[in-house]
Amino acid sequence: MNLNKYQMKEHVSLKNMNTYQIDTQTRYLFEPKNQEELMLFLKEAKENHIPYFVLGNGSNVILSDTEYPGVVIKLTHFNQVKYEKNFVTVGSGVKINQLSFDIIDHGLSGLEWASGIPGTIGGSIYGNAEAYKVSTFQYLKTVTFLTKDFQLVTKKKEEISHGYRTTWFKENEFSIILAATFQFPYGKKEESLALIKDRYERRRKTQPLDLPSAGSVFRNPSLENPAGKIIEELNFKGVKIGGAMVSPKHANFIVNYQNATGKDIKDLIKLIKEKVKKERQIDLVLEQEIKSW
């Protein structure tokens, strides 16, 4: 297979493409110009047994420390946003925090909760990202994606199983989200911006925004018993392995405080899970996705 025709970059650092800033790289980086080029590559990759995966904004993943031997796909050019009254169709490569401000400028609301989330639309749908009891699926109408057999499909939200920070897409990882349509309520710009400011101040006081992390590490077992509270009660705040540390601000955050490796982060996760299981008989569910190769 001739990869040169896709104008791929070789031996590319992924440090600035994952929010943990793990210093790793990929053999090839591919940013398809459009859907046709993406489909052509996927079919050829399957025929030639070339490994690949799609990386959104790297905000909910833990990458391995060695070079990925295949192709990392970034849907950077899938960045179109189209408005029809309060219906918004958006490409999967658009960052959800940027969209949250864009819809406000168009007189809409409903994404204020996402103003501090650095993920893409595709990644946010994939994991049903949420905050302040509002999820990506709340105003979602349809999702357009490629199946693992490269069929282009559009499904209504009701046809896609989803729950607390999980979706059908997580169980079908070779399906690639291309675009989505939302229906947002109309809103008032001043009220939306005030809400965003208030929530930013709350995050600034309680979350480690000054250090690289990938957000919440574990799903909350319940609203009454959040993961951060459990981990804090077991005295994990400030615990370190290598360059990874449980945040002193919020125990459900692991931060890269000193050139942490993916192994440092995974070892710290394992230590937390084992202690919580032993002391509280709770199996914490990892929210972040480990990419192994």
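The notes below deal with the structure included here. (Residues numbered from 1 in each chain as written. Predicted model: local features only at pLDDT ≥ 70, side-chain atom pairs only at ≥ 80, totals over all residues. Heavy atoms only, no water.)

### Remarks on the overall build of the chain
- Per the secondary structure count, the chain includes seven helices and 18 strands.
- Since a compact globule built from 293 residues should have a radius of gyration of about 19 Å, the 19 Å found for the chain is in line with a globular shape.
- Oriented by its inertia axes, the alpha-carbon framework of the chain measures out at about 50 × 50 × 30 Å.
- Across the 293 residues of the chain, 48% fall into the buried class.
- Long-range contacts, defined here as pairs at least 24 residues apart, represent 64% of the contacts in the chain between residues at least 6 apart.
- Surface accessibility of the chain: about 14600 Å² in total, with carbon and sulfur atoms responsible for 49%. (Helix = DSSP H or I, 4+ residues; strand = E, 2+ residues; numbered from the N terminus. Rg over C-alpha atoms; globule rule 2.2 N^0.38 Å. Buried < 20%, exposed > 50% of the residue type's maximum accessible area, 1.4 Å probe, protein only. Contact = heavy atoms within 4.5 Å. Areas by Shrake-Rupley, 256 points an atom, 1.4 Å probe, with all protein chains shown as cover.)

### Re the pairing of strand E11 (residues 152-156)
- As defined by bridge partners, strand E10 (residues 140-146) adjoins E11 across five bridges and the pair is classed as antiparallel. Pairing of Val143 across the sheet is with Lys155, part of E11.
- Between E10 and the antiparallel strand that follows it, E11, lie five residues; Phe150 among them carries a positive phi value of about 65 degrees. (Pairing = 2+ DSSP bridges.)

### Description of the pairing of strand E14 (residues 176-183)
- Taken across its eight residues, E14 has six buried, putting it largely inside the fold.
- Across five bridges, the pairing between strand E7 (residues 87-91) and E14 is antiparallel. Paired with Gly91 across the two strands is Ala179, which belongs to E14.
- Sheet topology places E10 next to E14; six bridges connect them, and they run antiparallel. Paired with Leu140 across the strands is Phe182, a residue of E14.

### Re the nonpolar core
- With 27 residues, the main nonpolar core has Trp113 and Ile125 as its most contacted residues.
- The set of elements that each furnish at least two residues to this core consists of E7, helix H2 (96-105), helix H3 (121-126), E10 and E14.
- The residues touching Trp113, leaving out its near neighbours within four places in the chain, are Ile96, Ala129, Glu130, Ala131, Tyr132, Val134, Ser135, Thr136 and Arg199. (Core = buried A, V, L, I, M, F, W, Y, C linked by side-chain atoms within 4.5 Å.)

### Here's the deal with unusual backbone geometry
- Positive phi is not limited to glycine here, since Asn128 has a value of about 50 degrees.
- One can find Asn128 in the loop between H3 and strand E8 (130-131).

### Some details on the packing of aromatic side chains
- Inspection of every chain in the model, using the stated rule, returns 13 aromatic pairs.
- Ring geometry for Trp168 against Phe169: centres 5.2 Å apart, planes inclined by 75 degrees, an arrangement best described as edge-to-face.
- The exposure class of Trp168 is partly exposed, given its relative accessible area of 24%.
- Assessed through its relative accessible area of 0%, Phe169 is described here as buried. (Phe/Tyr/Trp six-rings, centres within 6.5 Å; stacked < 30°, edge-to-face > 60°.)

### Points about the pattern of salt bridges
- One pass over the structure, following the stated rule, counts 17 salt bridges.
- Two residues, Lys46 and Asp149, come together in a salt bridge whose shortest N-O distance is 3.9 Å. With Lys46 in helix H1 (residues 35-47) and Asp149 in the loop between E10 and E11, the pair connects residues that are 103 residues apart, well separated along the chain.
- The class for Lys46 is partly exposed, based on a relative accessible area of 49%.
- Notably, a salt bridge pairs Arg165 with Glu287, separated by 2.5 Å at the nearest N-O pair. In this pair, Arg165 sits in the loop between strand E12 (162-163) and strand E13 (166-167) while Glu287 sits in the loop between helix H7 (262-280) and strand E18 (289-290), placing the two residues 122 residues apart along the sequence.
- Each of the salt bridges in this network shares a partner with another, and the network as a whole consists of Glu130, Arg165 and Glu287. (Salt bridge = Lys/Arg side-chain N within 4 Å of Asp/Glu carboxyl O.)

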